[in-house]
Amino acid sequence: MSVALQGRPGSIERYLFEQRQKRLLRFITCGSVDDGKSTLIGRLLYECDLVFDDHLAALARDSARFGTQRGELDFALLLDGLVAEREQGITIDVAHRFFASERRKFIVADTPGHEQYTRNMITGASTADAAVILVDARNGVLTQTRRHSYLLSLIGVRHVALAVNKMDLIDYSERAFRAIEREYRRFAAGIGMEDIVAIPISALKGDNVVSAGERMAWYRGPALMSYLDTVELDEDRLAELPFRMPVQWVNRPNLDFRGLTGMIASGVMRPGERVRVEPSGIETAVARIVSYDGDLERALAGQSITLTLSDDIDVSRGDLICAADCPAEVADQFEVKLVWMSDQPLLPGRRYLFKIGTRTVPGAVTRIKYAIDVNSLEHIAARTLELNGIAVCNLALDEAIPFDPYAVNPDTGGFIVIDRVTNETAGAGMIDFALRRAHTIHHQHMDIDKSARAAQMGQKPAVVWFTGLPGAGKSTIANLVELKLHHLGYRTYLLDGDNVRHGLNRDLGFTDADRVENIRRVAEVAKLMVDAGLIVLVSFISPFRSERQFARGLLEAGEFVEVFVNTPLPVAERRDRKGLYEKARRGELTGFTGIDAPYEPPEDPEVELLTVTCTAEQAAEQVMAALRDLGLLAH
């Protein structure tokens, strides 16, 4: 049992009831390596009597084995749970801990200080109301201090405690503390951080952690715990913003009830108030606010509720219910700040899924305007974005979404990026504003459409996409297929990789980013040709599955036929009349697919041609037979 429960009057149920009545503050600790973040949190847990007896015994054993305090309790070990962390004396993963004071309860995220774990730090900061930035009093403000401060300003953490730690190692010098405070405030002003409280502490000795220490009588400000007890909660600010609730679920348990369930992101709602559903723009009124405890007369930000509406309108998951007098904006193109969290680089033009609130839509970063050096805050030209990179980008989505700028409302202006192939979170982003083109460019209706053009030609338009290694025989087979189609009277066009690079794509090289853009342009051209009613044959290496999936996604079901020209690498090398493989082997060509650049074979193509067992003519006949079986050609 912890000391906090020993001798407490009443039952455990009463204690838990008291905890439920307290308001919750989420905060993050960050700073440079070995500034004492884990030690500070461990000290807070210990001082708040929230370390159980068995944990104290385990801490004593671990301190003897792994500790750095010469036999004394090493509070950092309460949080550094990974073996690698304990052995190295550093934090790698994000550690979350709960503790409580007499006034509030807290969830603290202890985040790593190393640059390679920036994504872990971003994860910890994403839900924080405040931040405690630790600075080693011996070292002052370091590069990582600046980097973490910039990331906090990027995420929108508004309240910062600058905890100048290890004051015991500089003899509690006021002069050194004031110099660090002045330097940090100058830097913070440049990145828009204003609400800063500087506190001199010793996490190891306990000075100014929970209560003021006699050894720093010159300091008149709050102890760290006092600051955490009184700092403004983000939910107070969110309650003052216009009402927003992303629809998570359409709740229809029976024919007599239909409600819209979600968590209120901001604002206050009462029955009878007018709301607007975005992106449709339909307005209605709230009839009831339903909760687990019954109907409510008032609901606030952070509450999970079900709304029933006065009118039976079309609302689905992903829609945003807004205050009618102050609705969210709706757009499909934005300027965003993006933090990249994937080992695979961000490539402009590559298709990803973007999840904002409860809505997930496909899209792509169309342009990286510039990357940001978080150490110097310089703007750097960039064509790709690597792991832990930060950039300002243009983003285009396949459909318009409701949003608020992230600086106004993080819940309706923040998003994550999901890799379409692996389904892993690849990045996190913040919307700055909608691009002007999102509001000024619209689809123009045309009376003659694809079906009319196809009917006039008497054929079903489609894309037949040939992919494979260089020298696999793609162009040869595609050319034979087009000849056969032409002789049968079909209207066709063949887009060949080499030919297209002489004109439309002559400005592109062979980097991964250029390969992605190469396929994006060709896929869009092929889509236009399908809209014209043609059968389009595309012969490109197209090494990446994600880009081939993008091309497929542009067309209707049944209009895309993937043909995998499966030729083993040694065979493709022997067939190479251009001598490109030989140059790549000698190092004269870099980024050559199959040698020093990857090729991702299709996982489930409509047609697979094993070219070692058939001639080009036979392969072409196999493609023709497949097109007939798929209903694209007449038998």
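This text follows the structure it describes.
Okay, so let's go over this structure.

About the thresholds
Think of each chain on its own: its residues are numbered from 1, step by step along the sequence as written. Residues qualify for local features only when their pLDDT is at least 70, as the model is predicted, and side-chain atom pairs are given and counted only at 80 or more; totals for whole chains, interfaces and linings, by contrast, use all residues. Hydrogen atoms and water are omitted, and side-chain values are computed over all heavy atoms in the structure. Two aromatic rings, drawn from Phe, Tyr or Trp (for Trp, its six-membered ring), form a pair once their centres lie within 6.5 Å of each other, and the interplanar angle then sorts them: stacked below 30 degrees, edge-to-face above 60, tilted otherwise. Comment: elements are numbered from the N terminus, with helices defined as DSSP H or I runs of at least four residues and strands as E runs of at least two. Relative accessible area decides the class of each residue, using a 1.4 Å probe on protein chains only: under 20% of the type maximum gives buried, over 50% gives exposed, and in between gives partly exposed. The rule for a charge over a ring is simple: NZ of Lys or CZ of Arg within 6 Å of the ring centre, and within 35 degrees of the ring normal. A side-chain nitrogen of Lys or Arg and a carboxyl oxygen of Asp or Glu constitute a salt bridge if their distance falls within 4 Å. Here the rule is simple: two strands pair whenever DSSP picks up at least two bridges between them. Whenever a helix is involved, its axis is fitted only over the stretch in contact; in every case the axis is a line through C-alpha atoms, and angles between N-to-C directions fall within 0 to 180 degrees. By the convention used here, residues are in contact when the closest approach between their heavy atoms is within 4.5 Å. To form a nonpolar core, buried Ala, Val, Leu, Ile, Met, Phe, Trp, Tyr and Cys residues must be joined to one another through side-chain atoms within 4.5 Å.

## What to know about the packing of aromatic side chains
In step 1: Evaluated as defined, the whole model comprises twelve aromatic pairs.
In step 2: Seen in terms of ring centroids, phenylalanine 27 and phenylalanine 106 are 6.2 Å apart; in terms of plane orientation they differ by 85°. Their pairing is edge-to-face. Taken together, the residues span a long stretch of sequence, with phenylalanine 27 in strand E1 (residues 23–31) and phenylalanine 106 in strand E3 (residues 104–110) at a distance of 79 residues. Each member of the pair, phenylalanine 27 as well as phenylalanine 106, is classed as buried.
In step 3: A centroid spacing of 4.9 Å and a plane angle of 80° characterise the contact between tyrosine 581 and phenylalanine 592, whose relative ring orientation is edge-to-face. With tyrosine 581 in helix H18 (residues 580–585) and phenylalanine 592 in the loop between H18 and strand E28 (607–610), this residue pair connects regions lying eleven residues apart in the sequence. Take tyrosine 581 and phenylalanine 592: they sit in the same class, and that class is buried.
In step 4: Every member of this aromatic cluster is reached through a ring pair, and the members are Phe27, Phe99 and Phe106.
In step 5: If you follow arginine 350 out to its NZ or CZ, it ends over the ring of phenylalanine 544, 4.7 Å from the centre.
In step 6: The positively charged end of arginine 501 is found above the aromatic ring belonging to phenylalanine 510, 4.1 Å away from the centroid.

## As for the pattern of salt bridges
In step 1: The tally for this structure, following the rule as stated, stands at 36 salt bridges.
In step 2: For lysine 166, the salt bridge is made with aspartate 136, and the minimal N-O distance between the two is 3.6 Å. Here lysine 166, found in the loop between strand E5 (159–165) and helix H7 (174–190), pairs with aspartate 136, found in strand E4 (residues 130–136); they are 30 residues apart in sequence, far enough to count as distant. In terms of burial, lysine 166 and aspartate 136 fall into one category: buried.
In step 3: The partner of lysine 578 in a salt bridge is aspartate 498, with the nearest N and O atoms 2.6 Å apart. Of this pair, lysine 578 sits in the loop between helix H17 (569–575) and H18 while aspartate 498 is found in helix H14 (residues 497–500), placing the two residues 80 residues apart along the sequence.

## Points about the sheet that holds E28
The pairing of strands in a sheet happens through backbone hydrogen bonds and is either parallel or antiparallel.
In step 1: Across the sheet, five strands lie side by side as E25-E26-E24-E27-E28; this open sheet has parallel pairing. Two strands close off the open sheet at either side, each with one partner strand: strand E25 (492–496) and E28. With direction set aside, neighbouring strand axes in the sheet form an average angle of 15°.
In step 2: Both strand E24 (residues 462–467) and strand E26 (residues 535–539) contribute to a ladder of five bridges, which runs parallel. Within E26, the position partnered with tryptophan 465 by the bridge is valine 538.
In step 3: Across the face of the sheet, helix H16 (residues 545–553) comes into contact with E24 and strand E27 (560–566) while running at roughly 150° to E27.
In step 4: Lying on the sheet, helix H19 (residues 616–629) is in contact with E24, E27 and E28; it crosses E28 at an angle near 165°.

## A short note on the pairing of E24
In step 1: Across the six residues of E24, six count as buried, placing the element largely inside the fold.
In step 2: Of the two faces of E24, the one carrying Ala462, Val464 and Phe466 and the one carrying Val463, Trp465 and Thr467 are both buried.
In step 3: Direction of pairing for E24 relative to E27: parallel, over a ladder of five bridges. Pairing of valine 464 across the sheet is with valine 561, part of E27.

## Digging into helix H5 (residues 118–125)
In step 1: Counted residue by residue, H5 has six buried out of eight residues, so it is predominantly covered.
In step 2: For H5, the set of buried residues is Thr118, Asn120, Met121, Ile122, Gly124 and Ala125.
In step 3: Next to the buried residues of H5 lie E1, E3, helix H6 (143–155) and strand E17 (329–340).

## Considerations on the nonpolar core
In step 1: Membership of the largest hydrophobic core comes to 69 residues, with the highest contact counts inside it found for Phe27, Phe99, Val132, Leu152, Met167 and Tyr184.
In step 2: In terms of residue count, E4 provides more of this core than any other element does, six residues in total.
In step 3: Apart from residues lying up to four places away in sequence, methionine 167 is in contact with Ala137, Tyr172, Ser173, Phe177, Pro200, Ile201, Met216 and Trp218.
In step 4: The next biggest cluster of nonpolar side chains, apart from the first, holds 26 residues, and it includes Ala462, Val481, Leu485 and Val623.

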